[in-house]
Amino acid sequence: MIPGGFLSPQGIATIAFFLVVAMTLVGALIAVAARNIFHNVLGLVLSLIGVAGLFLYLNSPFVALMEILIYVGAICIAICFAIMLSEPLYLPRPPRSLTKILGAVVGSGLVFVFLFLLTKKTKWVPAAQRSTDWSVTTIGHYLLTNYALIFELVSLLLLVAMLGAIVIARGGRGSSS
Amino acid sequence: MLVFNQLETYLYLALVLFAIGLYGVLARRSLIAILISVELILNAASINFMAFNRFLAPHPAVGQVITLFIMAVAAAEAAIALSIIVAVYRKLKSINIEHATELRG
């Protein structure tokens, strides 16, 4: 299956790819299955680093770095802060109900089977002419020419989200709650 | 054909990640755990965009741009959701979704 054996460059790349895939999936399983909410966040971090590795395999080092910077560096840390500000970890947690887990397995399983068949049956056709320009410079050009409007809208969205987060989370002194 | 140079590998991987995230959204009861699962689902969508961008798209920068937008929107969503969670905890002293029933008629 691998041309040139396990110690050729392709072999090493394949082994590293499987490691990255395992990291992604194991991290995702920890993120949904562990009981301790803090272990969930650490599983999410593992999974997101795996996804960044996948982006490296997809020829996009810039997006991989952004993935680590934004998701691991910002979102996961924010989730840690929210965990510390909300429910204490030493409280007893209610036991999981079996019917709910069964329903969730059936529901997500049905969606999985549907999308699996959809992916399997579809014939994916590459574009007739493909440019080979993957560089960060091109991404920058796209962001400031073709997608300038969306770029500005995203900055507006982030501003509104920031203000909304402050207004919602600010309790106590001087506020109406 | 190397396994990491095939479109289907990435599509199936994103599919598994999506299913795990959906299971988390349906099964968990802590608001923060649900937010974590939603992040997994968004990442599955990002992997799909990047895979199509790598193997099919005419301009390989467009998918990367869209993935960057997904990340920005996910960051905004996480900020809003976490502030709502903190506000809910302050009001109800719990972040279990089964206790948040104030809007029930």
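Criteria and thresholds
- Residues numbered from 1 in each chain as written.
- Chains lettered and ligands numbered in written order.
- Predicted model: local features only at pLDDT ≥ 70, side-chain atom pairs only at ≥ 80, totals over all residues.
- Helix = DSSP H or I, 4+ residues; strand = E, 2+ residues; numbered from the N terminus.
- Rg over C-alpha atoms; globule rule 2.2 N^0.38 Å.
- Buried ≥ 20, exposed ≤ 12 C-beta atoms within 10 Å, placed from the backbone.
- Contact = placed C-beta atoms within 7 Å.
- Domains from an automatic or database assignment.
- Nonpolar A, V, L, I, M, F, W, Y, C, P; charged D, E, K, R; others polar.
- Expected span 1.5 Å × (residues − 1).
- Core = buried A, V, L, I, M, F, W, Y, C linked by C-beta atoms within 7 Å.

Draft legend 1. Here's a closer look at the overall build of chain B. Scanning chain B for helices and strands turns up three helices and zero strands. Sequence-ordered secondary structure for chain B, helices as α and strands as β, is α-α-α. Since a compact globule built from 105 residues should have a radius of gyration of about 13 Å, the 18 Å found for chain B marks it as more spread out than a globular shape. Overall, the C-alpha framework of chain B stretches about 55 × 25 × 20 Å when taken along its three principal axes. A buried classification covers 51% of the 105 residues belonging to chain B. The contacts of chain B with a sequence gap of at least 6 include a subset with a gap of at least 24, amounting to 46%.

Draft legend 2. Summary view of the domain arrangement of chain A. Considered domain by domain, chain A is made up of domain 1 (1-91) and domain 2 (135-177). In this structure, domain 1 of chain A and domain 2 of chain A have C-alpha centres spaced 25 Å apart.

Draft legend 3. Seen up close, the interface of chain A and chain B. Taken together, the contact pairs 74 residues of chain A with 63 residues of chain B. Of all elements in the fold, only helix H1 (9-33), helix H2 (37-57), helix H3 (61-85), helix H4 (98-121), helix H5 (136-144) and helix H6 (148-169) of chain A reach the threshold of two or more residues within the side of chain A that touches chain B. Of the residues that constitute the side of chain A that touches chain B, the class distribution is 52 nonpolar, 17 polar and five charged.

Draft legend 4. Representation of H2 of chain A within the structure. When the terminal C-alpha atoms of H2 of chain A are compared, their 31 Å separation across 21 residues agrees well with the 30 Å that a helix rising 1.5 Å per residue should span. In terms of burial, H2 of chain A is a largely internal element, 16 of the 21 residues being buried.

Draft legend 5. Summary view of the nonpolar core. Grouped together as the largest cluster of nonpolar side chains are 66 residues, with contacts concentrated most on Ile-79 of chain A together with Leu-17, Ile-32, Ile-36, Ile-47 and Ile-85 of chain B. For this core, the elements supplying multiple residues, two or more each, are H1, H2, H3 and H6 of chain A together with helix H1 (7-27), helix H2 (31-55) and helix H3 (62-92) of chain B. When residues of this core are assigned to domains, at least three map to each of domain 1 (1-91) and domain 2 (135-177) of chain A. Those residues in contact with Ile-36 of chain B, other than ones at most four positions away along the chain, are Ala-31, Asn-40, Val-41, Leu-44 and Ile-79 of chain A together with Gly-24 of chain B.

Draft legend 6. Quick peek at the environment of Tyr-23 of chain B. With respect to the helices and strands, Tyr-23 of chain B occurs in helix H1. What makes Tyr-23 of chain B buried here is the crowd of 25 C-beta atoms within 10 Å. In the structure, Tyr-23 of chain B is positioned eleven residues away from Ile-34 of chain B in sequence and 9.7 Å away in space, judged by C-alpha atoms. Apart from the residues within four sequence positions on either side, Tyr-23 of chain B is in contact with Val-32, Ala-104, Val-105 and Ser-108 of chain A.

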